[in-house]
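Results of the structural survey
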Amino acid sequence: MENAREFVYPTGGFRRATQYIVHRMRRLPDKPHKIARGVFAGTFVNFPPIFGVQALSAIALAWVMRGNILAAVLCTFLSNPITTPIIAVGSLELGYWMLGRDESLTFLSIVAAFGDAGGELWRNFKAMFTDAPTEWGSLAEFWRRVYFPYLVGSIIPGLIISTMAYYITIPLANAYQKLRDKKLRDRIDARRKSKAAPPAATPGADGTPD
């Protein structure tokens, strides 16, 4: 129950969760272009209907692109109970339009369709070990009416948003790393100056410095 509540509304709210992700992203010790490729991979996998395997997909895509894997995994958290309905409905509507279909589904209908498809898959899996018959009619309808148009419609917005994230990440990572390096150099210089400075003279018994 606690895990489910945490998924719907994380402790401290989405603002705190977002701040944590940004904080971790800023501390990634890698080249800006490699971090940006990881961000691209992690952002893109939020769009296709691959629920449950987004993190694994982000890792695989980041590995293929030679991007930062941690950045990719962190960016999968962009898919949450607030953004997922927008992505799902928008992708499905775009998919219908691209396929020339005059249909429409609400987010709750999409969730119900995925639930029904998962239930039928599970029943067919159990049927492999029993005498129960397998049924594929609902899955065929799910593929035609929901999954395929969702998949088709998710590609373009996924590419657009992830490309934007890629190009935004490069200058931000560059700027932060330069600032971090400058602060590190300043601390090192301050330590060197502190060690090189002569010790302060202590006053003697007559009040004059020793």
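Residues numbered from 1 in each chain as written. Predicted model: local features only at pLDDT ≥ 70, side-chain atom pairs only at ≥ 80, totals over all residues. Heavy atoms only, no water.

1. Concerning the overall build of the protein chain
Regarding its fold elements, the protein chain presents 8 helices and 0 strands. Here the protein chain, with 210 residues, has 30% of them falling under the buried criterion. (Helix = DSSP H or I, 4+ residues; strand = E, 2+ residues; numbered from the N terminus. Buried < 20%, exposed > 50% of the residue type's maximum accessible area, 1.4 Å probe, protein only.)

2. Comments concerning a nonpolar patch on the surface
The grouping of Trp97, Met98, Leu99, Ile155, Ile156, Leu159, Ile160, Ile161, Met164, Ile168 and Leu172 at the surface amounts to a nonpolar patch, some 1000 Å² of accessible area in total. Of all the elements in the fold, those that place two or more residues in the nonpolar patch are helix H6 (83–98) and helix H8 (137–196). Per-element tally for the nonpolar patch: the top contributor is H8, with 8 residues. Turning to its location among the elements, Trp97 is positioned in helix H6. Looking at Trp97, the relative accessible area reads 66%, which means it is exposed. (Patch = residues over 30% accessible without salt bridge, like charges linked within 9 Å, V, L, I, M, F, W, Y side chains within 5 Å. Areas by Shrake-Rupley, 256 points an atom, 1.4 Å probe, with all protein chains shown as cover. Salt bridge = Lys/Arg side-chain N within 4 Å of Asp/Glu carboxyl O.)

3. Here we look at the packing of helix H3 (residues 32–44) against helix H4 (residues 54–65)
Running from N to C, H3 and H4 cross one another at 145 degrees; their axes reach a closest spacing of 8 Å. Relative to H4, the crossing made by H3 is right-handed. Along the contact surface, H3 presents Arg37, Phe40, Ala41, Gly42 and Phe44, while H4 presents Ala58, Leu61, Ala62 and Met65. Partitioned by chemical class, the residues of the contact of H3 with H4 number 7 nonpolar, 1 polar and 1 charged. (Axes fitted to C-alpha atoms, helices over the stretch in contact; angles between N-to-C directions. Left-handed = near helix turned anticlockwise from the far one by under 90°. Contact = heavy atoms within 4.5 Å. Nonpolar A, V, L, I, M, F, W, Y, C, P; charged D, E, K, R; others polar.)

4. Focus on the environment of Arg144
Positionally, Arg144 belongs in helix H8. Classification of Arg144 as partly exposed rests on a relative accessible area of 36%. Apart from the residues within four sequence positions on either side, Arg144 is in contact with Arg101, Glu103 and Pro149.

5. Let's talk about the nonpolar core
Grouped together as the largest cluster of nonpolar side chains are 14 residues, with contacts concentrated most on Leu92, Leu105, Ile110, Phe142, Val146 and Tyr150. The element contributing the most residues to this core is H8, with 5 residues. In this structure Val146 touches Leu92, Leu105, Ile110, Ala113, Phe114 and Glu141, once residues within four positions along its chain are discounted. (Core = buried A, V, L, I, M, F, W, Y, C linked by side-chain atoms within 4.5 Å.)

6. Considering the side chain of Asn124
Secondary-structure assignment places Asn124 in helix H7 (residues 107–127). Each residue touching Asn124, except ones within four places of it in the same chain, is listed here: Thr134, Glu135, Trp136 and Leu139.

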